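Examining the three-dimensional arrangement
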Amino acid sequence: MTAPSTAQIALIALLRQICGPNHVLTHQDPATDLSPWEQDWRKRVKGLALAVVRPGNTQEVAAVVKACAATGTPIVPQGGNTGLVVGGVPDGSGKQIVLSMTRMNAVRAIDKDNLTITVDAGCVLQNLQTAAENAGFLFPLSLGAEGSCTIGGNLGTNAGGTQVVRYGNTRDLCLGLEVVTAQGDIWHGLSGLRKDNTGYDLRNLMIGSEGTLGIITAATLKLYPQPAAQLTAWAAVPTLQAAVQLLGLAHQRLGPGLTGFEVMNQFALGLVDKHYPQLRVPLWQATPWCVLLENSDSENEQHARSQFEALLEAAMEQACVTDAVVAENLAQARGLWHVRESITLAQAAEGLNIKHDISIPVSRIPAFVLETDALLAREVPGVRMVDFGHLGDGNLHYNVQAPEGVDGHAFLREFEDKVNTLVFDQVAKFEGSISAEHGVGELKVGKLPLYKDPTALAMMRAVKKALDPQNLMNPGRVLG
Ligand code: FAD
Ligand code: MLT
Ligand code: ZN
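In short, a report on the structure. (Residues numbered from 1 in each chain as written. Chains lettered and ligands numbered in written order. Predicted model: local features only at pLDDT ≥ 70, side-chain atom pairs only at ≥ 80, totals over all residues. Heavy atoms only, no water.)

Going through the model one piece at a time under the given rule, you end up with 5 aromatic pairs. Ring centres 4.9 Å apart and planes at 65° place the aromatic pair Tyr 167 and Tyr 224 in the edge-to-face group. Taken together, the residues Tyr 167 in helix α6 (residues 164-167) and Tyr 224 in strand β11 (residues 224-225) connect sequence positions 57 residues apart. On the basis of relative accessibility, which here comes to 7%, the residue Tyr 167 falls in the buried class. A ring pair is formed by Phe 424 and Tyr 451, whose centres lie 5.7 Å apart and whose planes are at 75°; its orientation type is edge-to-face. Of this pair, Phe 424 sits in helix α14 (residues 408-429) while Tyr 451 sits in helix α15 (residues 448-451), and the two are 27 residues apart along the sequence. A residue is classified by how much of its surface remains accessible, and Phe 424, at 2% relative accessible area, is buried. (Phe/Tyr/Trp six-rings, centres within 6.5 Å; stacked < 30°, edge-to-face > 60°. Helix = DSSP H or I, 4+ residues; strand = E, 2+ residues; numbered from the N terminus. Buried < 20%, exposed > 50% of the residue type's maximum accessible area, 1.4 Å probe, protein only.)

As a further point, take a nonpolar patch on the surface. Taken together, the side chains of Tyr 200, Leu 202, Leu 205 and Leu 467 make up a nonpolar region of the molecular surface, amounting to roughly 420 Å² of accessible area. Inspection of the secondary structure puts Leu 205 in helix α7 (residues 202-206). Accessibility expressed as a relative area gives 32% for Leu 205, which makes it partly exposed. (Patch = residues over 30% accessible without salt bridge, like charges linked within 9 Å, V, L, I, M, F, W, Y side chains within 5 Å. Areas by Shrake-Rupley, 256 points an atom, 1.4 Å probe, with all protein chains shown as cover. Salt bridge = Lys/Arg side-chain N within 4 Å of Asp/Glu carboxyl O.)

Turning to the coordination of the zinc ion (ligand 3), a few remarks are in order. Coordination of the zinc ion (ligand 3) by the protein is provided by His 390 (NE2), His 397 (NE2) and Glu 437 (OE), with metal-donor distances spanning 1.8 to 2.1 Å. Spacing between the donor residues of the zinc ion (ligand 3) along their common chain follows H-x6-H-x39-E. (Donors = N, O, S within 2.8 Å, 3.2 Å for Na, K, Ca; no water.)

This part is about the side chain of Glu 294. Here Glu 294 shows up in strand β14 (residues 289-296). Of the side chains bearing the opposite charge, Arg 166 lies closest to the buried Glu 294, which forms no salt bridge; the N-O distance is 8.3 Å. In terms of polar contacts, Glu 294 uses its side chain to reach the side chain of Thr 259, at 2.7 Å. Separated by 3.4 Å, the side chains of Glu 294 and Trp 337 make a polar contact. What Glu 294 contacts, discounting residues up to four positions off in sequence, is Gln 163, Gln 230, Leu 231, Thr 232, Gly 257, Leu 258, Thr 259, Gly 260, Phe 308 and Trp 337. (Lys, Arg positive; Asp, Glu negative; His and termini not counted. Polar contact = N/O pair within 3.5 Å; in protein donor to acceptor, adjacent residues only side chain to side chain. Contact = heavy atoms within 4.5 Å.)

One non-glycine residue, Ala 319, lies in the positive phi region at around 65°. One non-glycine residue, Val 478, lies in positive phi territory at about 65°. Inspection of the secondary structure puts Val 478 in the segment after α16 (454-467). With a relative accessible area of 10%, Val 478 lands in the buried category.

Glancing now at the site of ligand 1. Taken together, 35 residues form the shell around ligand 1, and within it Pro 77, Gly 79, Thr 82, Gly 83 and Thr 150 come nearest. Gly 80 is positioned with one of its backbone polar atoms (N or O) 2.8 Å from an oxygen atom of ligand 1. Expressed as a share of its isolated accessible area of 990 Å², the protein-covered part of ligand 1 is 97%. Elements that contribute at least two residues to the shell around ligand 1 include exactly β3 (75-78), α5 (151-157) and β10 (214-222). (Near = heavy atom within 4 Å.)

The next thing to look at is the nonpolar core. Counting residues in hydrophobic clusters, the biggest one holds 60 residues, and the most contacted among them are Leu 246, Phe 261, Leu 293, Phe 368, Leu 376, Tyr 398 and Phe 411. The set of elements that each furnish at least two residues to this core consists of β12 (230-237), α8 (240-254), β13 (258-265), β14, α10 (301-317), α13 (365-379), β19 (395-401) and α14. Looking at which element gives the most residues to this core, the answer is α8, with 9 residues. Those residues in contact with Tyr 398, other than ones at most four positions away along the chain, are Ile 354, His 356, Ile 358, Phe 368, Val 369, Thr 372, Asp 373, Leu 376, Met 385, Val 386, Asp 387 and Val 423. Cys 68, Ile 97, Cys 123 and Val 180 belong to the second largest nonpolar core, which has 53 residues in total. (Core = buried A, V, L, I, M, F, W, Y, C linked by side-chain atoms within 4.5 Å.)

With that settled, the discussion passes to the site of ligand 2. Residues in contact with ligand 2, as listed here, are Leu 84, Arg 340, Thr 344, Lys 355, Phe 388, His 390, His 397, Glu 437 and His 438. Between His 390 and ligand 2, the recorded distance is 3.0 Å, taken from a side-chain N or O atom to an oxygen atom. Between ligand 2 and His 397 there is a distance of 2.9 Å, counted from an oxygen atom to a side-chain nitrogen or oxygen. Its free accessible area being 260 Å², ligand 2 has 89% of it covered by the protein chains.

Let us look at α8. With 15 residues, α8 extends 20 Å between its outermost C-alpha atoms, agreeing within 8% with the 21 Å of an ideal straight helix rising 1.5 Å per residue. Where α8 is concerned, the buried positions are Leu 240, Ala 242, Ala 243, Val 244, Leu 246, Leu 247, Leu 249, Ala 250 and Leu 254. The inward-facing, buried residues of α8 abut β12, β13, β14, α10 and α13. Just past α8, the residue Gly 255 takes up positive phi, approximately 55°. (Expected span 1.5 Å × (residues − 1).)

Right, let's talk about the sheet that holds β3 for a bit. One open sheet holds the 4 strands; their spatial order is β1-β2-β4-β3, and the pairing between them is mixed. Only two strands of the sheet have a single partner each, and these edge strands are β1 (24-25) and β3. Strand direction decides the pairing type here: β3 and strand β4 (residues 97-100), joined by 4 bridges, are parallel. Across the sheet, Val 76 pairs through a bridge with Val 98, a residue of β4. (Pairing = 2+ DSSP bridges.)

What follows concerns the environment of Gly 335. In this structure, Gly 335 sits in helix α11 (residues 330-341). What makes Gly 335 partly exposed here is its relative accessible area of 32%. Sequence separation between Gly 335 and Gln 230 is 105 residues, and the spatial gap between their C-alpha atoms is 14 Å.

For the rest of this paragraph, the subject is the packing of helix α9 (residues 266-275) against helix α12 (residues 343-350). What describes two packed helices is the angle between their axes and the distance between those same axes. Contact geometry for α9 and α12: axes closest at 8 Å, N-to-C directions at 75°. On the basis of their axis angle, the class for α9 and α12 is roughly perpendicular. In this structure, α9 uses Ala 268, Leu 269, Leu 271, Val 272, Lys 274 and His 275 to contact α12, whose residues at the interface are Ile 343, Ala 346, Gln 347, Ala 349 and Glu 350. Tallied by class, the residues present in the contact of α9 with α12 amount to 7 nonpolar, 2 polar and 2 charged. (Axes fitted to C-alpha atoms, helices over the stretch in contact; angles between N-to-C directions. Parallel < 35°, antiparallel > 145°, perpendicular 65-115°, else oblique. Nonpolar A, V, L, I, M, F, W, Y, C, P; charged D, E, K, R; others polar.)

Keep in mind these values describe shape, not function.
Right, here's the structure in full:
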């Protein structure tokens, strides 16, 4: 590690004046461990930060950005650091600052009549859900990392999660943003309006920009009524095609009550069983696929339950479900969701792996999997597929684990690029997207130009150049 230059020392002193001495952390303090901010969640990359800067309010963020802009210092915005594509950690140069948003975690306002909540960007998703619940409402965004990811990160990545089939992605839940631009100006866009046609949609430009266009400091988000009842079922299905058939039936029979539809293959559930033996994983040993369904918003629990039972009966008659359980109570429902949400951790415990968060039209997913599985098995003998995800949204986590006994590092070195190319070529053939929810980050930067429409890419580059001409906002991510 090289010692900071005179200019960098002066910058750090200025940042300490802005945020307070305790909120600018550097490697020069031997008692400070910066690894939690430098290491990505999947342990794919460990960067080296010039400093970790933790502003306490929007004015401080603006002052930090101005100071960095004046010295040409790149900024990597970071929320909960749960991103899966290496987008929120610094590179290895020792020249970038990490702008950690977690001190900015307040709920600013709830407007019950307008059905909105306004929060700081560093607010942890679970705390936001709880604040909504305490006010008598639902904030429906839900994902396995909700105990540590922040709404700023969710907006930065346009996170999906398990309720998209009914409520949409994070983008669909956001009405207004407050943003610090690359020049250190504050855009006061915290509108709670559901209609506003006064020009370009800057809010949607910022959402999903992965920190490359500016820093989101606060957001105004939609609230929904809490469902009168919520029931969860777990079904064994013989094929992925049968799961798609079940999805069609669920749409027909439950209508807007269908709030979750997740699919999991046998190997994924086997990993949960192996690494979390304390969890009870239902039905998995006797079937290649399981589906987790959620039915909400019905008049009452009895109504929801009879709807669910009728759906499962019809599905069994049509042979698209072979066995099923409906949770008897909230604890059982949480247990089923916990199994689903544990797949990511179980897969990480099994070793390094190649992740794909692809989307394909739902109708074509079974053919995609059959064909791509066969190609992969030919190219990488013994490869193990961890397939799961949000089938209701046409979003599959089509993940590739090293063959049994093969070291994850060696596997990635030899096969990562080949496997990515094979899978992404297939995604293109099936008219899908190479990222449905995790984003591009650093991991897919090299692949994006190969699969994104060239005109769209040129427009994206023009936007980046206009808004961040010095290329200081999370450089190297999304566009490279
Ligand atoms: P970070 O990881 O800190 O950052 C992510 C990106 O957003 C980076 O590019 C960063 O620079 C940028 N960013 C962060 N904060 C800001 C800000 N304030 N302004 C501008 N840019 C910012 N993702 C899904 O979509 N669906 C899932 O179901 C899902 N499940 C997950 C389950 C587990 C167990 C884990 C570990 C991850 C999961 N993820 C999922 C991925 C991850 O949780 C999401 O991408 C999440 O939105 C990241 O939030 P974060 O606060 O941790 O952001
Ligand atoms: C999920 O759906 O659980 C996530 O997107 C995380 C993952 O892909 O591992
Ligand atoms: Zn997901």
